[in-house]
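What follows is each chain in one-letter form.
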Amino acid sequence: MIRGFLLFCFFSVFEFIWAGPGHDKVETGGLDFALKPKGFGQFGQFQFSIDGPAVNYFTQFLGDGFHVESSTDLKHWEEVELLKSNEKETVFQDENDSAVSRFFRVRYAGDSSTWGIIRDRIIGPNCAGCHSSGTTFAKQSQLVLTSDVAYEQLIDRKPANTYALDDGLELVGTKGLASVGKSFLWEKINASEQQHFYDDHPGYGSLMPLGMDPLTDGELKFILHWILEGAPKFGTVARVDDLSNIKRYSPPPFKPLAKPDSGIQLHVEPFEVPSNFEREFFIYKNLNNESPIYVNRVQIEMRPGSHHFIGYLLDSSQPLFSLAKRLFVPNKIRDLHLPSGQDDPLVLASMAYHDFFAGTQTPRYDYEFPKGVALRLPANTGLDMNTHYVNRSNESFEGEVYMNIHTIDKDDVKYEAKIINMNNTDIELPPNKVTTITKDFLADEKMNIFQLFSHSHEKTIEFRVEIAGGKRDGELLYISYDWEHPPVMKFDPPLVVERGETIRLKTTYNNWTDESVSFGLRSTDEMMILFGAYYSD
């Protein structure tokens, strides 16, 4: 009888508190809760179990902003410590020596508005870690998402991403339905539209949260309803019960690529990505081609969690290559990051000999050259395969990459593709200053450009490529605002640059440090490189 009364009180109090002071009770959808203390008149560890569909909901949201409280008379509340919470059990530590049976409840102490829950329970744990003041991510995106400024940073602001800006997007608008299709935030988190995002918007960067699981279906629905209701800062406009849906978008399972009918398959075998770690390494693979081959299509398939994958050819024309080639030991992993946290200087040195061949930020990539166009790779070629995985979880996982290089017969090749590698090493950035550097490259032949891809380091805030001089002066060919996720732009039909025209690289850097920064291989140094591919007619 007593236990039944306690349970009745618990249900009533939980529903009242969840609705929050000053708000109507939120519909719970008939979720059932059960209280199972360790024993009457005892203290120490006790178990609070939840039955029914609420179990995932509760375990997901019990954390910062939530308090477990106890009382013998429902008037004087004392906090108790949460020891663990999962789908099977939730265990608290109650240090109060009580001679009578105790009543326990859970109270959300944060803002009970819809925005407050989004801020504390979705943006906080998933976004604020990277998007906090002073971080590279915040500087690149011009977006800080810590709880004190997140709302003002999101609402009615234009994105830093130029592609999204040109498309008329804003981070979050306040016009309800009209704002959903124009919300850059919604584009970046709507994981179920992954292929639409990457295929149709290669300049938008990566889906978020980076290196973590996508938001749950419930979280996405909750945010969507908030935007549909005008994204208010105060008030309840979405059903809290929707958050109980913890299903997530799951991309098609990783599946090894079938070997090409004509071509070569390369495989980066499974490797560990430790918890809370970014693993980036290089591994050199021989193609074992005894004669030249002609590549017209590249496929890449990666296990989830990849930040990017790039295959590099080696530039033997660079100084000291005869010595440096010893660094490229076939099938040996060369980790960029040492256990100490520093970058391996030998690995950094090897990067000076790279020519971009193919790469992607998406889990699967399939790019075919224009018809009749192929890249000639000489006999005995190899690729330095660069894989970068980000793990922001507390558990390690496996990474793995397949790369298919499809080839065609020489007789089927009308135009030979050529690699674009426009590199400026004359970089000097004064401390605590924004600096723009330009470098011009003269086209000595007609260039039908079908791919462009920039490379620079963390102080880059804009990488711009345009025509300089003549009737096309200032015409924009390529732009990137994200040094870590520069878009690999594909042009069909090709982007034509005529012989004698000038391609200008115009890169703006923000050197926020107290030291001058110059060209170098470390991410704390800077670079200014345009990669790509073209053919001449």
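Before any of the text, the structure's been laid out above.
About the cut-offs
- Counting restarts for each chain, with residues numbered from 1 along the sequence as it is written.
- Confidence filtering applies because this is a predicted model: local features only for residues at pLDDT of at least 70, side-chain atom pairs given and counted only at 80 or more, and all residues used for totals across whole chains, interfaces and linings.
- Just so you know, side-chain values use all the structure's heavy atoms and leave hydrogens and water out.
- Throughout, the protein atoms alone are placed on a 1 Å grid, and a set of points is a cavity if a 1.4 Å probe fits but cannot get out or a pocket if it is open with protein on both sides within 12 Å along at least five of seven lines; lining residues have an atom within 4 Å of a point.
- Grid points are joined across faces, edges and corners, and a volume is the space filled by probe spheres set on the points.
- A run of H or I in DSSP becomes a helix once it reaches four residues, and a run of E becomes a strand once it reaches two; helices and strands are each numbered from the N terminus.
- Within this scheme, the nonpolar core is defined by two criteria: the residues are buried Ala, Val, Leu, Ile, Met, Phe, Trp, Tyr or Cys, and they are joined through side-chain atoms within 4.5 Å.
- Categorising residues by exposure relies on relative accessible area from a 1.4 Å probe, with only protein chains included: less than 20% of the type maximum marks a residue as buried, more than 50% marks it as exposed, and the intermediate range marks it as partly exposed.
- When checking whether two residues touch, look at their non-hydrogen atoms; a contact exists if any pair is within 4.5 Å.
- One requirement defines pairing of two strands: DSSP has to find at least two bridges between them.
- A fitted line through C-alpha atoms represents every axis, and for helices the fit uses only the stretch in contact; the resulting angles, taken between N-to-C directions, go from 0 to 180 degrees.

Let us now look at empty space enclosed by the protein. Under the defined criterion, the tally for this structure stands at nine cavities of 30 Å³ or more. A volume near 550 Å³ is recorded for the largest cavity. What lines the largest cavity is a set of 32 residues, among which His131, Ser141, Phe184, Lys188 and Met208 lie closest to the centre. Contributing elements (two or more residues each) for the lining of the largest cavity: helix H4 (136-141), helix H6 (162-166), helix H8 (184-189) and strand S21 (476-480).

Ranked by size, the top nonpolar core spans 63 residues in total, and within it Trp226, Met447, Ile449 and Leu505 carry the most contacts. If sequence neighbours within four positions are ignored, Trp226 has contacts with Thr114, Trp115, Ile118, Tyr151, Ile155, Val172, Ala231, Pro232 and Val237.

Turning next to unusual backbone geometry. Cis rather than trans, the peptide bond between Met208 and Pro209 has omega equal to 0°. Positionally, Pro209 belongs in the loop between helix H9 (194-200) and helix H10 (217-228). The backbone of Ala231 shows a phi angle near 50°, a positive value even though the residue is not glycine. Tracing the chain through its elements places Ala231 in the loop between H10 and strand S6 (263-273). Non-glycine residue Asn380 carries a positive phi angle of around 60°. Note on placement: Asn380 falls in the loop between strand S13 (373-377) and strand S14 (382-391).

Attention now moves to the sheet that holds strand S9 (residues 306-314). Within the open sheet, the five strands sit side by side as S10-S7-S14-S9-S11. Their pairing is antiparallel. If you trace the sheet from one side to the other, it starts and ends with strand S10 (333-335) and strand S11 (354-360), each paired once. In this sheet, adjacent strand axes meet at a mean angle of 25° when their direction is disregarded. In the sheet, S9 pairs with S14 via six bridges, with the strands oriented antiparallel. Residue pairing for S14: Ile310 is matched across the bridge by Asn386.

Everything listed here is a matter of geometry and, on its own, says nothing about what the molecule does.
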